[in-house]
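# Structure at a glance
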Amino acid sequence: MISIRNLYVELGDFTLKDASLDVEDGEYMVVVGPSGAGKTVLLETIAGLFHPRRGEIRLRGRDVTRLSPEERHVSIVYQDHALFPHLSVRDNILFGLRMRKTDAKQSRQAFSRAVELFNIAALLDRDPTTLSGGERQKVALARALCVSPDVLLVDEPLSSLDPRTREEIEAELQRLHRALDVTTLHVTHNFEEAVALGDRIAVIGEGEVKQVGTPEDIFRKPNSEFVAGFAMSRNI
């Protein structure tokens, strides 16, 4: 589904160094690492917001390395939700469908399904600025999934939420993945979050992918002191 080979990206003083990663169709992959490790750069390069100096990105076997974001069939959700404050919840959710000029019948069906999945019918006429953090995250996810993306990219979706809301959205992400089976790449700095959500985990640090494996592999068989420390192993 996602195949990344030797991705090299330079942004000011930061360099993503020859990153390689494979994500299977329908997999929930979590990229975890400390602040400044390159997690968001990797995510945004897959989305097409940055172009690498070298390397290749393939989505469903299609080389998208030089394609524009709208040609990639991916959706990205940021930790600050990035909802349009001048649009209602309804219009925020419909935005992607309108940009893609989806026909009216398909738009109604996709919109209704997203609203039902997130149980947000009561919020449709609200201004996004009046919503709670958890409500904003649900609306952002509904907008992202409404367009039926090949890949869902999620950047630190739980970090700005209070503990109770974080647990609620974490459970929501698990439920949605089971229901939709959408290939998901989720970045976080929280190893416990990665273990709770990820089918597999990729540990990234200093612009490099250090190790990829199941949560059990990463925790019990870290391949370096960096990975062991980040996985909170007590014996190094």
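Our subject is the structure that appears above.
The structure presented is a predicted model; accordingly, all values stated were derived computationally and were not measured. (Residues numbered from 1 in each chain as written. Predicted model: local features only at pLDDT ≥ 70, side-chain atom pairs only at ≥ 80, totals over all residues. Heavy atoms only, no water.)

## Overview of the layout of surface pockets
The volume enclosed by the largest pocket comes to roughly 690 Å³. Along its surface, the largest pocket is lined by 21 residues, and Val 74, Ser 75, Ile 76, Phe 95 and Arg 100 are the ones closest to its centre. Residue assignment for the lining of the largest pocket shows that the elements contributing at least two residues are strand 6 (74–77), helix 2 (89–99) and helix 4 (133–146). The greatest single-element share of the lining of the largest pocket, amounting to four residues, is contributed by strand 6. Class assignment of the residues belonging to the lining of the largest pocket gives a composition of 14 nonpolar, four polar and three charged. (1 Å grid on protein atoms, 1.4 Å probe; cavity = no way out; pocket = protein on both sides within 12 Å on 5 of 7 lines; lining within 4 Å. Points joined across faces, edges and corners; volume = space filled by probe spheres on them. Helix = DSSP H or I, 4+ residues; strand = E, 2+ residues; numbered from the N terminus. Nonpolar A, V, L, I, M, F, W, Y, C, P; charged D, E, K, R; others polar.)

## Considering the pattern of salt bridges
Counted by the stated rule, this structure contains 14 salt bridges. Where Glu 135 meets Arg 126, a salt bridge forms, and the shortest distance between an N and an O atom there is 3.9 Å. Taking the relative accessible area as the measure of exposure, Glu 135 reaches 25% and is therefore partly exposed. For Glu 206, the salt bridge identified is with Lys 210, shortest N-O distance 3.3 Å. Three or more residues are tied together by salt bridges with common partners; here these are Glu 206, Glu 208 and Lys 210. (Salt bridge = Lys/Arg side-chain N within 4 Å of Asp/Glu carboxyl O. Buried < 20%, exposed > 50% of the residue type's maximum accessible area, 1.4 Å probe, protein only.)

## Quick notes on the sheet that holds strand 3 (residues 28–32)
One open sheet accounts for six strands, arranged 6-7-8-3-9-10; its pairing is mixed. In this open sheet, the two strands that pair with only one neighbour each are strand 6 and strand 10 (208–213). Between one strand axis and the next, the sheet turns by 20° as a mean value, whatever way the strands run. Sheet analysis places strand 7 (residues 151–155) next to strand 8 (residues 183–188), joined by five bridges and oriented parallel. (Pairing = 2+ DSSP bridges. Axes fitted to C-alpha atoms, helices over the stretch in contact; angles between N-to-C directions.)

## Structural notes on the packing of aromatic side chains
Using the criterion set out here, one finds one aromatic pair in the structure. Judged by centre distance (4.6 Å) and plane angle (50°), the ring pair of Phe 84 and Phe 95 falls under tilted. Residue Phe 84 is found in the loop between strand 6 and helix 2, and its partner Phe 95 is found in helix 2; the two are separated by eleven residues along the sequence. Here Arg 54 stacks its cationic end above the ring of Tyr 8, 4.1 Å away from the centre of that ring. (Phe/Tyr/Trp six-rings, centres within 6.5 Å; stacked < 30°, edge-to-face > 60°. Lys NZ or Arg CZ within 6 Å of the ring centre and 35° of its normal.)

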